[in-house]
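# Close look at the chain arrangement
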Amino acid sequence: MDRRPTLEARPPALIDRVVRVLVPLPCREHVIGDLWERYRSPGAYLLDALRTIPFVVVSQVRRTSPVPALVIQAFAVTVPFLPGAGLRRAAAPVLTALVTLVLRDAYKRSVSLSATQVATDVGITATAMIVCEAIVAIARPSLLLPWRSMVASIAGFAMLFLLRLQNPGPGVYVRQFTSATPGTLEALTTEVRLFERTCRRAIRIETIAGVALAIGFMVPLLLAPNWILRIGWALGSAYGLYVAAFMITHPLTPMPDGLDLHSAHSFHRHQLECRVSLLETMWLWYFLPGAPAIILIIIGSATLAAERGRPMWPSAIVVAAAMCVAVAGISGARRSARKLRVRIEAMTRGGNDGPGKP
Amino acid sequence: MPNSESIGQFEHVVLAAVLALDDDAYGVTIHAKVEELITPKTVSLGAVYATLDRLEDKGLVRSWLSNPTPERGGRSKRHYRLEPTGEHALRDATIAAKRICDDLERIWGGDVWTAGRRWKPVRQH
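Residues numbered from 1 in each chain as written. Chains lettered and ligands numbered in written order. Predicted model: local features only at pLDDT ≥ 70, side-chain atom pairs only at ≥ 80, totals over all residues. Heavy atoms only, no water.

### Some points on the overall build of chain A
Rules: By definition, any uninterrupted DSSP run of H or I lasting at least four residues is a helix, any uninterrupted run of E lasting at least two residues is a strand, and each is numbered from the N terminus. Burial classes: relative accessible area under 20% of the type maximum marks a residue as buried, over 50% as exposed, and values in between as partly exposed (1.4 Å probe, protein chains only). Residue contacts are defined here by distance: any two heavy atoms, one from each residue, within 4.5 Å place the two residues in contact. When charges are counted, Lys and Arg are positive and Asp and Glu negative, with His and the chain ends excluded. In this description, the location of a charge corresponds to atom NZ of lysine, CZ of arginine, CG of aspartate or CD of glutamate.
Assigned secondary structure in chain A consists of 15 helices and 0 strands. Overall, the C-alpha framework of chain A stretches about 80 × 65 × 25 Å when taken along its three principal axes. Considering chain A as a whole, with its 358 residues, one finds that 42% of them fall into the buried category. For chain A, long-range pairs separated by at least 24 residues make up 79% of all intrachain contacts whose partners lie at least 6 apart in sequence. Across chain A, 38 positive and 21 negative side-chain charges occur, with their mean positions spaced 9 Å apart.

### Considering the overall build of chain B
Going by this rule: Residue burial considers only the protein chains on display, and all accessible areas are found by Shrake-Rupley using a 1.4 Å probe.
Along chain B, the regular secondary structure elements total 5 helices and 2 strands. The order of α-helices and β-strands along chain B, N terminus first, is α-α-α-β-β-α-α. Of all 125 residues assigned to chain B, the portion counted as buried reaches 42%. Element-wise, carbon and sulfur atoms account for 54% of the exposed surface of chain B, whose accessible area totals about 7400 Å².

### Notes on the packing of helix 1 (residues 9-21) of chain B against helix 3 (residues 45-57) of chain B
To characterise two packed helices, one gives the angle between the axes of the helices and the distance between these axes. All names here are of chain B. Put simply, the test is: Fitting a line to C-alpha atoms yields each axis, with helices limited to the stretch in contact; the angle taken between N-to-C directions then spans 0 to 180 degrees. Here is the rule for angles: anything less than 35 degrees is roughly parallel, anything more than 145 is roughly antiparallel, 65 through 115 is roughly perpendicular, and the remaining ranges are oblique.
Contact geometry of helix 1 with helix 3 gives a least axis separation of 10 Å together with a crossing angle of 85°. Here helix 1 lies roughly perpendicular to helix 3, going by the angle between them. Each of F10, E11, V14, L15 and V18 in helix 1 lies in contact with helix 3, whose residues at this interface are A47, V48, T51, L52, R54 and L55.

### A word on the interface of chain B and chain A
Operational definition: By convention, the term buried area covers the 1.4 Å-probe accessible surface removed from two parts as they join, with the contributions of both added. Any Lys or Arg side-chain nitrogen found within 4 Å of a carboxyl oxygen on Asp or Glu counts as a salt bridge. Polar contacts, as used here, are pairs of N or O atoms within 3.5 Å; protein pairs need one atom able to donate a hydrogen and one able to accept it. Residues neighboring in sequence count only if both atoms are side-chain atoms.
Counting residues at the interface gives 25 residues for chain B, matched by 21 residues for chain A. In this assembly, chain B packs against chain A so that about 2100 Å² is buried in total across both faces, 49% of it on carbon and sulfur atoms. In this assembly, chain B and chain A are joined by 6 salt bridges. With a shortest N-O distance of 3.5 Å, R63 of chain A and D53 of chain B are connected by a salt bridge. Applying the counting rule to chain B against chain A returns 13 residue pairs in polar contact (both at pLDDT 80 or more). Counting only elements with at least two residues in the side of chain B that touches chain A, the list comes to helix 2 (27-37), helix 3 and strand 2 (78-82) of chain B. With 9 residues, helix 3 of chain B is the single largest residue contributor to the side of chain B that touches chain A.

### A word on the pairing of strand 2 of chain B
It is a general feature of regular strands that their side chains alternate between the two faces of the sheet. Residue and element names in this part refer to chain B. Test applied: Only strands that DSSP links by at least two bridges are regarded as paired with each other.
Within strand 2, 4 of the 5 residues are buried, leaving the element largely enclosed by the surrounding structure. In this sheet, strand 2 lies alongside strand 1 (residues 61-65) in antiparallel orientation, the contact comprising 5 bridges. Looking at the pairing, L65 lines up with R78 of strand 2.

### A closer look at the environment of T52 of chain A
Along the chain, T52 of chain A turns up in helix 3 (residues 42-64). Taking the C-alpha atoms as reference points, T52 of chain A and Q117 of chain A, separated by 65 residues in sequence, lie 29 Å from one another. Those residues in contact with T52 of chain A, other than ones at most four positions away along the chain, are V31 and L35 of chain A together with L45, G46 and Y49 of chain B.

### Observations regarding helix 1 of chain B
All names here are of chain B. Applicable threshold: Multiplying 1.5 Å by the residue count of a helix minus one yields the expected span of that helix.
With 13 residues, helix 1 should reach 18 Å at 1.5 Å per residue; the first-to-last C-alpha distance of 19 Å fits that figure. Where helix 1 is buried, its residues meet helix 2, helix 3, strand 1, strand 2 and helix 4 (84-108). In the stretch just after helix 1, D22 is the one whose phi turns positive, near 55°.

### Regarding the side chain of Q60 of chain A
Turning to its location among the elements, Q60 of chain A is positioned in helix 3. Apart from residues lying up to four places away in sequence, Q60 of chain A is in contact with P24, P26, C27 and A106 of chain A.

### Quick look at the packing of aromatic side chains
Residue and element names in this part refer to chain A. Basically, it comes down to this: Classification of ring pairs uses Phe, Tyr and Trp, with its six-membered ring standing for Trp, and accepts pairs whose centres are within 6.5 Å; under 30 degrees between planes counts as stacked, over 60 as edge-to-face, and the remaining range as tilted.
A complete count under the given rule lists 8 aromatic pairs over all chains for this structure. Ring centres of F217 and W233 lie 5.0 Å apart, and the angle between their planes is 75°; on these two criteria the pair is classed as edge-to-face. Note that F217 is positioned in the loop between helix 9 (185-216) and helix 10 (218-223) and W233 in helix 11 (residues 227-249), a separation of 16 residues in sequence. Looking at F217, the relative accessible area reads 21%, which means it is partly exposed. Arranged with centres 6.1 Å apart and planes meeting at 55°, the rings of Y242 and F246 form a pair that is tilted.

Here's what the structure looks like:
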């Protein structure tokens, strides 16, 4: 049966426009094309679209929002609200922010490394949260966030901005390349320079975040009411400095100019292997040194809460959230390492078959 | 020899469809081929897309956009092709399925397809 639509048999413009809006941008071209090809009648087209779009959206969400990244972003958005608002009042704005982030990632054209795009994403999320609060103000004023939490959310969004700047999306680096392995020196050099740019940027952001953490933790260190908290904040501040120092002492060596294809392949493969090794051992050099500070801060906060007769559950939530973030961070690093390893394997295969080898 | 990526039953069918269609493997044709392979069951086009995305993420297939065609409102097709790892995974999954089939033939005796049908009335007694 020939199901190709003629010029007369095409979906009604309105239905087609609605369907087009609902299909995520990265797969819109071929999905709408396929739906057009299967067109028989407006009703069948609509039914076909309704049966297709949910799968396409879920698949796109799975690709653009890996669980580890989502957990870390949820942590960044939630933590500033909790002290002033509590879980009940924070639930609606936090959920709105997360859903907006997920849908924004699924529907945007492509993931880029630009800070403007990250700022736009965070701006859209903040706007969605404000709209949600406006609706809450009308529907259930008792659940409205206090002003203190609204102001604290600025810190959350700043943290979200840094996180997304550092982790623009899964496999951004690997997905930039359509070919399995660069066959020419020019293509390889382009790939290497992009990789170097991405790594340098990541190192720069991590260094700045480390210094900011070191300075930021000085304030609670000076104000801490008990010695456990003071030691915890001091260790946290030292951890920030350690991260910054680690980043400065582990720079990426740029590929020298004038290498031939085979040497450039070997050099880049070695650089990728070094990065994979760093990502695979991230729990050891990145997360573990921060653990004593977090443990002492949590113990100090729990002790303080017990002394003042306050509930202990906020400390328990912070413990659970910190553990989730650590697990998500380690899992995300391993995922990135796996993607890089796939690239290394592709390069090894290409290197063995390519023109660089006898 | 390294182990191939493990694939599910539906992924197996989709990989087989992509392999069978060769240069003509894109959303609509893959969906039609999958429905042909799993007859009398039906499946939505979206489920095929989701599986193709997953297979692409696993590195078992690769895709590219073709030139736009007028009968699709000037839109491109996303063509799919099996990667060597995909063929490897497909071969392994097919060997496993064949082994299951052979075993069932031994249990039921003779041809598994007719035996399956013969067996049903016996269970109803």
